[in-house]
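Descriptive analysis of the structure
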Amino acid sequence: MSEVRRSDPGTLNRYKNSAFLHTGVTCEACHGDSTGHVSSGGKIKVINPARLDAAKRDSICINCHLEGDVLVERAGRSALDFVPGESITDFASYYVYGGKAATARAVSEVEQFAQSGCKRASGETMSCTSCHDPHFTPDKEQRVAFYRSKCLTCHSNAKFAESHHPETKDCTSCHMKQTGAENIPHVAWTDHRILRIPEVAQPQRTPATKELAAIFPEAGTKRDLAMAYYKAMLAGDKALEPTAWGQLNGVRSDLAGDPEALDALGVMAAARGDEPSAADLFRKVLSINGNDLTALSNLGTIMAKEGKLEEAQSLLNAAFARNQDIPGLASNVARVDCMAGNSDAAKKVLQEALFYNPGLESLESLNTQMSHCPATNVR
Ligand code: HEC
Ligand code: HEC
Ligand code: HEC
Ligand code: HEC
Ligand code: HEC
């Protein structure tokens, strides 16, 4: 949220500086880099979100307030590189479960608001900032008058304001009820569907189908959808593997320069038992990015299984040099060292990994087996 930094190339969790630039939301998160603004004495303007086109304006809030069920980074892009002034859909595609029924799901403020009668009738002129002041959060005493005045900017018929439920000044108490979903992460607490007939919204967390649909259909490509199924599969839904595999193979000719997608095909090919094809795919990835962790560690493992210990060691060591904190990787490096008969090297690797994962059972027990090299196999 507060500008999580991208980890160093080829690593999962390593940052040159600290992982967070700052706590809380800074001016830059919405106005972009301000160093030029400050050093030019104000001549170089910071970005004013209100003057951006609707997609770019909305991207600023969406970047932090929308997650979807699956987020896929566009080919060669990282969502962390998004800066105000750009379109978030150039960086990421958002997917939700439920296929055509996705509109009934309504989880985040962003998705709910898009469904509201106010937004659909107002179009691009209405945005989050029609009701929210990004520089000011009204307190308990102010909130009723604050939001009421926002509603009445558009629902401006004076007679309506006087005659429509004059007994209750809080418009939101009827039209934007609180869902009681505060314990469910990423579920809107206030019902942003702005319903005409007040009802207590039931947050719908149970997907109607296993079909994924793009929240911004104009932006997602076939490759992105295929990667969404792949990511959902990695997150635990094994039944989606054939869909991910079929769809990614359907666009295979477009993937020559797309390491993330080639890695995905490689991982699935290996799991399907086609290790020669997987090895080819990982080699292609490494020709694009020699530091790619997925390719290094998976190709290293395949080489070890084929008995090509020297190549396996060089690949796995390259991955391990940058990621001593990943237990599974450390275990495989140690196993390969052990297969090569070098129990000292294997123990050293496990000691290094234990420094990051003190007392981790799987590493400890492997460590005790390392006196009996060569004995173990690569997993
Ligand atoms: C959560 C997003 C957000 C954050 C954080 C934020 N702003 Fe803004 N800011 C906006 C938006 C949106 C507008 C346009 C408001 C409008 O006119 O509708 C704006 C407008 C402004 C304007 C008026 C610009 C102009 O050209 O008229 C100034 C000045 C400003 N912000 C300064 C700041 C400063 C200084 C900070 C940090 C202390 C900050 N903002 C933090 C979203 C943000
Ligand atoms: C850099 C990330 C980031 C950006 C950009 C951002 N927000 Fe937020 N916002 C947060 C976080 C973090 C919170 C606090 C946690 C929460 O309530 O979900 C928050 C809270 C809020 C809240 C509730 C509490 C409050 O302070 O009023 C509102 C409303 C809100 N944001 C609206 C917006 C709008 C509108 C925009 C776009 C102009 C925006 N945010 C842009 C991260 C962000
Ligand atoms: C940017 C303008 C704008 C703002 C701000 C706004 N609305 Fe609306 N709203 C509209 C428009 C346009 C319609 C559709 C025409 C109509 O019903 O007046 C609408 C429709 C509605 C409807 C009927 C929805 C339906 O499904 O039939 C309700 C209820 C409503 N608004 C309540 C609110 C409340 C409560 C607020 C403040 C929290 C609010 N609106 C803020 C523009 C706005
Ligand atoms: C029609 C007015 C309106 C619009 C438009 C609107 N909000 Fe809200 N929002 C509210 C109200 C009212 C609350 C409840 C504030 C309170 O209880 O103090 C709220 C609360 C929130 C909160 C706090 C958590 C929660 O759900 O209660 C966040 C975050 C938020 N809004 C984000 C957004 C974002 C992002 C957008 C644009 C996609 C947006 N809002 C558009 C009226 C609106
Ligand atoms: C006590 C609950 C309550 C409060 C408070 C309330 N409304 Fe309503 N509102 C309703 C109900 C119920 C309806 C649907 C029946 C109707 O049209 O009167 C409705 C209908 C509407 C409509 C649709 C009108 C139409 O002709 O279709 C709008 C717009 C609206 N409200 C806006 C507001 C605004 C703005 C406020 C605050 C100034 C507000 N409401 C306060 C209960 C409430």
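Per an unreviewed UniProt entry, the chain goes by the name Putative CXXCH cytochrome family protein and belongs to Granulicella aggregans.

As a further point, take the coordination of the iron atom of ligand 2. A lone protein donor binds the iron atom of ligand 2: His65 (NE2), at 2.0 Å. Mapped onto the secondary structure, His65 falls in helix α3 (residues 54–65).

Moving on, we come to the sheet that holds strand β3 (residues 212–214). Ordered in space as β1-β2-β3, the three strands form an open sheet in which the pairing is antiparallel. Each edge of the open sheet carries a strand with a single partner, namely β1 (70–73) and β3. When the angles between neighbouring strand axes are averaged without regard to direction, this sheet yields 35°. Here four bridges tie β1 to strand β2 (residues 92–97), and the two strands are oriented antiparallel to one another. Across the sheet, the residue bridging to Leu71 is Tyr94, located in β2.

Here the focus is the site of ligand 4. Inspection of the region around ligand 4 gives 19 residues, with Cys128, Cys131, His132, Thr190 and His192 positioned closest. Taking Glu109, its side chain carries an N or O atom lying 2.6 Å from an oxygen atom of ligand 4. At a separation of 2.9 Å, an oxygen atom of ligand 4 approaches a polar side-chain atom of Arg143. At the level of elements, α4 (109–115) and α6 (140–154) are the ones that each hand at least two residues to the shell around ligand 4.

The next thing to look at is the site of ligand 5. Lining the immediate environment of ligand 5, one finds 16 residues, of which His164, His165, Cys171, Cys174 and His175 sit closest. Here a nitrogen atom of ligand 5 and a side-chain polar atom of His164 are 2.8 Å apart. Residue Arg196 places a side-chain N or O atom 3.3 Å away from an oxygen atom belonging to ligand 5. Residue assignment for the shell around ligand 5 shows that the elements contributing at least two residues are α6 and α8 (172–175). If one sorts the elements of the shell around ligand 5 by residue count, α6 sits on top with three residues. Split into classes, the residues belonging to the shell around ligand 5 amount to seven nonpolar, five polar and four charged.

Another point: the side chain of Thr89. As for its position among the elements, Thr89 is in the loop between β1 and β2. Taking the relative accessible area as the measure of exposure, Thr89 reaches 18% and is therefore buried. Not counting chain neighbours up to four residues away, the residues in contact with Thr89 comprise Arg74, Phe216 and Ala219.

With numbering matched to this structure, UniProt assigns "domain: Doubled CXXCH motif" (unreviewed entry) to residues 126–159. Helix makes up 50% of residues 126–159 and strand 0%. Its end C-alpha atoms lie 23 Å apart.

Here we come to the pattern of salt bridges. Opposite charge on two side chains makes pairing possible when the charged atoms of those side chains draw close. All told, the structure shown has 12 salt bridges when counted by the stated rule. Where Asp58 meets Arg57, a salt bridge forms, and the shortest distance between an N and an O atom there is 2.8 Å. Look at Arg57 and you get buried, because its relative accessible area is 14%. A salt bridge links Asp170 to Arg143, with the shortest nitrogen-to-oxygen separation between them at 3.3 Å. Of this pair, Asp170 sits in the loop between α7 (158–163) and α8 while Arg143 sits in helix α6, and the two are 27 residues apart along the sequence. On the basis of relative accessible area, Asp170 is assigned to the buried category, the value being 17%. A single salt-bridge network, built from bridges that share partners, covers Arg74, Arg223, Asp224 and Asp258.

Below, the discussion takes up the pairing of β2. Most of β2 is tucked away, with six of its six residues classed as buried. Every second residue of β2 is oriented toward a common face, with Ala92, Tyr94 and Val96 on one face and Ser93, Tyr95 and Tyr97 on the other, all of them buried. For β2 and β3, the ladder comprises three bridges, and the chain directions are antiparallel. Bridging from a neighbouring strand, Val96 pairs with Ala213 of β3.

What follows is about the UniProt feature "repeat: TPR" (unreviewed entry) in the chain. Annotation from UniProt places "repeat: TPR" (unreviewed entry) at residues 259–292. Helix and strand shares over residues 259–292 are 79% and 0% respectively, and the end C-alpha atoms of the span are 8 Å apart.

Time to look at unusual backbone geometry. Phi is positive for His165, which is not a glycine, with a value near 45°. The topology assignment puts His165 in the loop between α7 and α8. Looking at His165, the relative accessible area reads 42%, which means it is partly exposed. A positive phi angle is found at Ile194, which is not glycine, with a value near 45°. Note on placement: Ile194 falls in the loop between α8 and β3.

About the thresholds
Residues numbered from 1 in each chain as written. Chains lettered and ligands numbered in written order. Predicted model: local features only at pLDDT ≥ 70, side-chain atom pairs only at ≥ 80, totals over all residues. Heavy atoms only, no water. Donors = N, O, S within 2.8 Å, 3.2 Å for Na, K, Ca; no water. Helix = DSSP H or I, 4+ residues; strand = E, 2+ residues; numbered from the N terminus. Pairing = 2+ DSSP bridges. Axes fitted to C-alpha atoms, helices over the stretch in contact; angles between N-to-C directions. Near = heavy atom within 4 Å. Polar contact = N/O pair within 3.5 Å; in protein donor to acceptor, adjacent residues only side chain to side chain. Nonpolar A, V, L, I, M, F, W, Y, C, P; charged D, E, K, R; others polar. Buried < 20%, exposed > 50% of the residue type's maximum accessible area, 1.4 Å probe, protein only. Contact = heavy atoms within 4.5 Å. UniProt positions renumbered as here; feature names shortened; annotations may be inferred. Salt bridge = Lys/Arg side-chain N within 4 Å of Asp/Glu carboxyl O.

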